[in-house]
Amino acid sequence: MSNKKIKSALISVFNKDGLSPIVKKLDEQGVVIYSTGGTQKYIEDLGISVERVEDLTSYPSILGGRVKTLHPKVFGGILNRRDHSTDQEQIAEYEIPSLDLVMVDLYPFEETVASGGTHEEIIEKIDIGGIALIRATAKNYNDVVIIPSTEQYGSFLETISNQNGETTLEQRRNFARDAFNVSSHYDTHIFNYFNDGELPVFKESIQTSQALRYGENPHQKGTFYGNLDDIFDKLHGKELSYNNLLDVDAAVNLMGDFKNDKPTFAILKHNNACGLATRDTIEQAYLDALAGDPVSSFGGILISNKPIDLATANHINELFCEVVIAPSYSDDALEVLKSKKNRIILIQKDIALPKNQFRTILNGVLAQDKDLITDQKSDFETVTELSPSDQEKDDLEFANKLVKHTKSNTIVLAKNGQLLASGTGQTSRVDALNQAIHKAKSFNFDLNGAVMASDAFFPFPDCVEIAGNEGIKTVIQPGGSIKDKLSIDYCNENQMKMVFTGNRHFKH
């Protein structure tokens, strides 16, 4: 018979929230409840009778509570197979009561790590008995129900209320699935705490997810794993799509390098910035970012490192854009931006982002540290006879921050804290430069006095020659080519300036 009536239960939980109505319902249905420690006291305080686990096992809770339920009389009651005659003979011989329900809520290990607990505090939050109870009960789901966390309380209460304390085999199997999800997630976080990247294994576990309308294209299924509420307050608009999320991720990472700068505004399309400017006001930063490419800005992702005011919002409202991101908005600015019902408006919270990245490829996963190096003016090595001016150094730093966040091969052209144009995702650096020059000229930018940034070294002097012929006289690149001298010599012969950073910034 697949339906099973719950007659006895073991309840041992850390978090008591939501437990009361379940316990009351079980008591109402005549279920014998076993418990220990704080859970036992909680249930007794509700006026409900409890059988003590210590009385069942004839052992007290010992070692400061580390050992409470680890006993054959507990696990025999869980693991015995009701249709297995030998099992039934043995539990009768050893006077072991069968348990039909086990409710567990594990010690908060993950939360203790996240809150900055000491090593000793973290170790004490590694649950032993709870994990064992979860695995044992889930293994024997044919006969026993496992409720492994508070997440299942609602559905379980509904089940026993509607079915008079009975569960079906399918329901027990689903709870067992949830249980192994809980236990595997828990163990993954414990392992990653201990491992810290030392063993060459890949283990990640994310419990929250959000179904997307579709993936990159309408015929592809898409899901986001994570909790967007941790990083954003969503104030308005439709749900973020798969492509929105890719662009938002690129925008947040880009603006992270300008977080403490003067007012800076960026506009992104397909993960690359088509507009970026740093100015004295956020309004002017937006206008000059938009001027960088008013065509590509249509349907873009907008991000600011400073609060958005009414003047800026009025300008933004003239542009069709998918998403606006800022640390905050004035009330009147928000009212203007909300006038477009589908426009997504986000407040970015000040939280630390992950320091590693991974993506699926072939039959495995690639993992790497995030590119967290932001080259500073103080780190520049001038390799030419002429040195950049202070303004040129500012522009070199600005352009090099952007080149780090642009698809390779890439060249970025900038002047006076404004992106003039970039060549993105090209198969040769010369093509990237020619693309950037063509784009800058198409929007009537004067390249005289502009700077050029490259994500990787120049193997030949062709790029500096092309740039110099356009009036670009200052260059930043990683250096490191065996033919660096060819580019340096060309710069010296043509009164150009070049600095090396020593850091390549490929982005694929």
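In case you missed it, the structure is sitting above this.
Computed from a prediction, not measured in an experiment: that's the story for all the values here.

Draft legend 1. Spatial organisation of the nonpolar core. Ile11, Leu26, Leu101, Met103 and Phe156 are the most contacted members of the largest nonpolar core, which has 47 residues in total. No other element matches helix α10 (residues 169-195), which puts six residues into this core. In contact with Phe156, not counting residues within four places along its chain, are Ile6, Ile22, Leu101, Met103, Val145, Ile147 and Phe175. By size, the runner-up hydrophobic cluster in this structure holds 36 residues, among which are Ile325, Leu396, Leu402 and Ile476.

Draft legend 2. Structural detail: the sheet that holds strand β3 (residues 32-35). The five strands are arranged β4-β3-β2-β5-β6 in an open sheet whose pairing can be described as parallel. The open sheet has two edge strands with one neighbour each: β4 (51-52) and β6 (145-147). For β3 and β4, the ladder comprises two bridges, and the chain directions are parallel. Note on β4: the bridge partner recorded for Tyr34 is Glu51. Contacting β2 (8-13), β5 (101-105) and β6, helix α9 (residues 153-162) crosses the sheet at an angle of about 160° to β5.

Draft legend 3. Region of interest: the environment of Val144. As for its position among the elements, Val144 is in the loop between α8 (129-139) and β6. According to the relative accessible area criterion, Val144 is buried, its value standing at 0%. With 255 residues separating them in the primary sequence, Val144 and Ala399 have C-alpha atoms 63 Å apart. Contacts of Val144, omitting those with residues within four sequence positions, involve Ile78, Arg82, Leu99, Asp100, Leu101, Val102, Thr137 and Arg172.

Draft legend 4. Broad picture of the packing of aromatic side chains. On inspection of all chains with the given rule, the structure shows nine aromatic pairs. Where Phe109 meets Tyr186, the ring centres are 6.3 Å apart and the plane angle is 65°; that geometry is what we call edge-to-face. On the criterion of sequence distance, the pair formed by Phe109 in helix α6 (residues 109-114) and Tyr186 in helix α10 is long-range, its members being 77 residues apart. With relative accessibility at 2%, the residue Phe109 sits in the buried group. Here the aromatic residues Phe109, Tyr186, Tyr193 and Phe194 are joined through ring pairs into a cluster of three or more. Its end group placed over the ring of Phe191, Lys203 keeps NZ or CZ at 5.6 Å from the ring centre. Here Lys401 stacks its cationic end above the ring of Phe258, 4.7 Å away from the centre of that ring.

Draft legend 5. Structural context of the pairing of strand β23 (residues 497-500). Side chains Lys497 and Val499 of β23 all project onto a buried face; the interleaved residues Met498 and Phe500 project onto the opposite face, where all are buried too. With two bridges connecting them, strand β18 (residues 381-382) and β23 associate as antiparallel partners. Along β23, the bridge assignment pairs Glu381 with Phe500. Sheet topology places strand β22 (residues 474-477) next to β23; four bridges connect them, and they run parallel. Each residue of the ladder has a partner; that of Val475, found in β23, is Met498.

Draft legend 6. Spotlight on α10. Between its first and last C-alpha atoms α10 spans 38 Å; for 27 residues at 1.5 Å apiece the expected length is 39 Å, and the two agree. After α10 finishes, the residue Asp196 shows a positive phi value of roughly 50°.

Draft legend 7. Broad picture of a negative patch on the surface. Together, Asp309, Asp331, Asp332 and Glu335 give the surface a local cluster of negative charge. Mapping Glu335 onto the fold places it in helix α14 (residues 331-337). Classification of Glu335 by relative accessible area gives exposed; the value is 62%.

Draft legend 8. Molecular detail of the packing of α8 against α10. Running from N to C, α8 and α10 cross one another at 150°; their axes reach a closest spacing of 9 Å. Considering the angle they form, α8 stands roughly antiparallel to α10. Seen along the crossing, α8 lies across α10 with a hand that is left-handed. Side by side, α8 and α10 meet where Ile131, Ile134, Arg135, Ala138 and Lys139 of the first sit next to Ala176, Ala179, Phe180, Val182, Ser183, Tyr186 and Asp187 of the second. Grouping the amino acids of the contact of α8 with α10 by side-chain chemistry returns eight nonpolar, one polar and three charged.

Draft legend 9. Highlighting unusual backbone geometry. Omega for the peptide link from Ser408 to Asn409 comes to -10°, which places this bond in the cis form. When you line up the elements, Asn409 lands in the loop between α15 (390-404) and β19 (411-415). One non-glycine residue, Glu95, adopts positive backbone phi at about 55°. With relative accessibility at 61%, the residue Glu95 sits in the exposed group. Unlike most non-glycine residues, Asn416 shows phi in positive territory, near 55°. Position of Asn416 relative to the elements: it lies in the loop between β19 and β20 (418-423). Here Asn416 falls in the partly exposed class, since its relative accessible area comes to 45%.

Draft legend 10. Quick look at the packing of helix α4 (residues 72-79) against α8. The geometry of α4 relative to α8 is characterised by a closest axis approach of 8 Å and an angle of 30° between their N-to-C directions. What the angle tells us is that α4 and α8 run roughly parallel. Residue-level inspection shows Val74, Phe75, Ile78 and Leu79 of α4 in contact with α8, the latter providing Ala132, Leu133, Ala136, Thr137 and Lys139. When grouped by side-chain class, the residues that make up the contact of α4 with α8 number seven nonpolar, one polar and one charged.

Rules of the game
- Along every chain, residues carry numbers that run from 1 in the direction the sequence is written.
- Whole-chain, interface and lining totals are the exception, using all residues; otherwise, since this is a predicted model, local features are given only for residues with pLDDT of at least 70 and side-chain atom pairs are given and counted only at 80 or more.
- Remark: hydrogens and water are excluded; side-chain values derive from all non-hydrogen atoms of the structure.
- We call a set of buried residues a nonpolar core when its members are Ala, Val, Leu, Ile, Met, Phe, Trp, Tyr or Cys and they connect through side-chain atoms within 4.5 Å of each other.
- Working definition: with a 1.4 Å probe on protein chains only, accessible area under 20% of the residue-type maximum means buried, over 50% means exposed, and in between means partly exposed.
- In DSSP terms, a helix is any run of H or I states spanning at least four residues, a strand is any run of E spanning at least two, and both are numbered starting from the N terminus.
- Here a residue-residue contact requires only that any non-hydrogen atoms of the pair lie within 4.5 Å.
- DSSP calls a pair of strands paired once it identifies at least 2 bridges connecting them.
- Think of each axis as a best-fit line through the C-alpha atoms, taken over the contacting stretch in the case of a helix, with angles from 0 to 180 degrees between the N-to-C directions.
- For Phe, Tyr and Trp, where Trp contributes only its six-membered ring, two rings pair if their centres lie within 6.5 Å, and the inter-plane angle classes them as stacked under 30 degrees, edge-to-face over 60, or tilted in between.
- The rule for a charge over a ring is simple: NZ of Lys or CZ of Arg within 6 Å of the ring centre, and within 35 degrees of the ring normal.
- Helix span, expected: 1.5 Å multiplied by one less than the number of residues in the helix.
- Each patch groups residues whose relative accessible area exceeds 30% and which form no salt bridge, using 9 Å between like charges and 5 Å between nonpolar side chains of Val, Leu, Ile, Met, Phe, Trp and Tyr.
- Surface accessibility in these figures is a Shrake-Rupley result with a 1.4 Å probe; residues are shielded only by whichever protein chains are displayed.
- Salt bridge, as applied in this entry: a Lys or Arg side-chain nitrogen positioned within 4 Å of an Asp or Glu carboxyl oxygen.
- The sign given to each residue is positive for Lys and Arg and negative for Asp and Glu; His and the chain ends receive no count.
- Where a charge lies is defined by one atom per residue type: Lys uses NZ, Arg uses CZ, Asp uses CG and Glu uses CD.
- Oblique is the label for every angle not falling under 35 degrees (roughly parallel), over 145 degrees (roughly antiparallel), or within 65 to 115 degrees (roughly perpendicular).
- Each crossing gets its handedness from the near helix: less than a right angle anticlockwise from the far helix is left-handed, clockwise is right-handed.
- Charged means Asp, Glu, Lys or Arg here, nonpolar means Ala, Val, Leu, Ile, Met, Phe, Trp, Tyr, Cys or Pro, and polar covers whatever is left, Gly included.

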